[in-house]
Amino acid sequence: MSPQVVTPAIDFQVWLPSKVQQVEAMLDHVLPAADAVPGRLHDAMRYAVLGGGKRVRAALVYAAGEASLQSAAAASSQQIALDHAAVAVELVHAYSLVHDDLPCMDDDTLRRGRPTVHVQFDEATAMLAGDALQPLAFESLGLMPIAPALVVQAIQLLARAIGSQGMVGGQAIDCESVGRTLEQDALQQMHRMKTGALLEASVLLGGIVAGASSIVREGLEKYAAAIGLAFQVADDILDVTADTATLGKTAGKDAMENKPTYVSTLGLDGARELLHELRDDARAALLPLGPSAAQLANIADFIVMRDR
Ligand code: GRG
């Protein structure tokens, strides 16, 4: 049986769109205008970031912030810092998708229901747009109006999560594994790094910014590890159950190269079972955090039940 759901102060169906709107307004504000020189590059950056997306990583920052605040009302400086952290993880995520879609990587032509950045612009512009989004993310963290030691901690956390021992490293293992089979453990390690690391960092950033106690941090770490993996398992399930129009993306080289997935290794039922186990682990990790973690619990459900 899954752990009890705590009724949140604000319904998730209202909370999530409000956070999506909040981070999208911030993203629009921090991205250079399309007419600022070099216009084509800025146009491509805006196209990559502002063209939809579920904003799960931003939502995790805000929800982890809510769960970590010492009092119900956050200081306005903490609210602003959460906005900057949410912007940072969405910029990094957009950069990773732009580069992942390139012909030298997955060679995808459709993303979020629109032509990928290299198709809409050109390959060099797509590469540079990704390159430029990454430092913009760190600039955003550097603008957080909180104690400098916490800013440094946040910068270090994100840098580690997306570097050679995190997201980029996971992508490298993925590229190296073409034409080879990975053992279950190696597959899990690759996904933990490639997809899980940024999702985990999003949760922990919210905690750092909101001054999480050590007990809360411990709960956040366990929750983050579970949902980081759950996200990839759900993605593998969706790749075989959802139609491409709903997903808004093409299969790319990944599918053509027949790489191992949770569905190919565990079967559809096995993958679904694992997904529900991970959701239960995530929810169980939140129990010591009490009602303030309700939106994190809802995000775990959202990841399990998402259809795109
Ligand atoms: C190229 C440096 C570099 C890294 C790429 C994250 C990643 C590493 C590649 C993405 C490949 C991929 C599609 C992985 C499956 C899980 C995933 C990250 C899906 C896309 O994330 P969503 O569903 O996308 O949150 P939206 O569009 O909703 O933001």
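Residues numbered from 1 in each chain as written. Predicted model: local features only at pLDDT ≥ 70, side-chain atom pairs only at ≥ 80, totals over all residues.

Chemist: What is the right way to look at the overall build of the protein chain in this model?
Modeler: A tally of helices and strands in the protein chain yields 14 helices and two strands. Relative to the 2.2 N^0.38 estimate, which gives 19 Å for 308 residues, the radius of gyration of the protein chain is 19 Å and therefore close to what a compact globule would have. Along the first, second and third principal axes, the C-alpha atoms of the protein chain reach 50 × 50 × 35 Å. Relative to its full complement of 308 residues, the protein chain shows a buried share of 44%. Across the protein chain, contacts joining residues at least 24 apart in sequence account for 78% of those joining residues at least 6 apart. (Helix = DSSP H or I, 4+ residues; strand = E, 2+ residues; numbered from the N terminus. Rg over C-alpha atoms; globule rule 2.2 N^0.38 Å. Buried ≥ 20, exposed ≤ 12 C-beta atoms within 10 Å, placed from the backbone. Contact = placed C-beta atoms within 7 Å.)

Chemist: Is there a simple way to think about the site of the ligand in this case?
Modeler: Taken together, 17 residues surround the ligand, and among them Gly-53, Lys-54, Ser-96, His-99 and Asp-100 come closest. For the shell around the ligand, the elements supplying multiple residues, two or more each, are α4 (76-101), α8 (167-176), α9 (184-209) and α10 (214-241). At five residues, the largest contribution of residues to the shell around the ligand is made by α4. Classifying every residue of the shell around the ligand gives five nonpolar, seven polar and five charged. (Near = placed C-beta within 6 Å. Nonpolar A, V, L, I, M, F, W, Y, C, P; charged D, E, K, R; others polar.)

Chemist: How should I be thinking about the nonpolar core in this particular structure?
Modeler: Nonpolar side chains in soluble globular proteins generally cluster together in the buried interior. Judged by nonpolar contacts, the single largest core of 90 residues is most densely connected at Ala-85 and Ala-230. Among the elements that line this core, the one with the most residues is α4, at 13 residues. Excluding anything up to four places from it in sequence, Ala-85 contacts Val-61, Leu-141, Met-144, Ala-154, Leu-205, Gly-206 and Val-209. (Core = buried A, V, L, I, M, F, W, Y, C linked by C-beta atoms within 7 Å.)

Chemist: Would you explain unusual backbone geometry in this entry?
Modeler: Note: most residues except glycine have negative phi, and most peptide bonds are trans. Pro-38 follows Val-37 through a cis peptide bond whose omega is -5°. Even without glycine at this site, Arg-112 takes up a positive phi of about 50°. Secondary-structure assignment places Arg-112 in the loop between β1 (110-111) and β2 (114-115).

Chemist: I tried to follow α8 on my own but got confused; where do I start?
Modeler: Owing to its 3.6 residues per turn, the α-helix aligns residues three or four sequence positions apart on the same side. Residues Met-167, Gly-170, Gln-171 and Asp-174 constitute the buried set of α8. Buried residues of α8 fall within an arc of 100° about the axis and therefore sit on the same side. (Arc of directions from axis to C-beta.)

Chemist: Any chance you could explain the environment of Ile-10 here in plain terms?
Modeler: In this structure, Ile-10 sits in the segment before α1 (12-30). In this structure the C-alpha to C-alpha distance between Ile-10 and Ala-294, which are 284 residues apart in sequence, comes to 9.3 Å.

Chemist: I keep staring at the confidence of the model for the protein chain and nothing clicks. Help me out?
Modeler: Averaged over all residues, the pLDDT of the protein chain equals 91, while 91% of them reach at least 70. This model gives residues 1-7 a pLDDT under 50, and the stretch forms 11 contacts once residues within four places in sequence are excluded. Complex prediction metrics read pTM 0.93 and ipTM 0.94. (pLDDT = per-residue confidence, 0-100.)

Chemist: Would you take a moment to explain the environment of Ala-147 for this structure?
Modeler: Mapped onto the secondary structure, Ala-147 falls in the loop between α6 (123-142) and α7 (148-162). By the C-beta count within 10 Å, which is 12 here, Ala-147 ends up exposed. For the pair formed by Ala-147 and Cys-175, sequence separation is 28 residues and the distance between their alpha carbons is 39 Å.

Chemist: I keep staring at the environment of Ala-126 and nothing clicks. Help me out?
Modeler: Along the chain, the position of Ala-126 falls in helix α6. On the basis of neighbour count, Ala-126 is assigned to the buried category, with 23 C-beta atoms found within 10 Å. Distance in space between the C-alpha atoms of Ala-126 and Leu-27 is 18 Å, their sequence separation being 99 residues.

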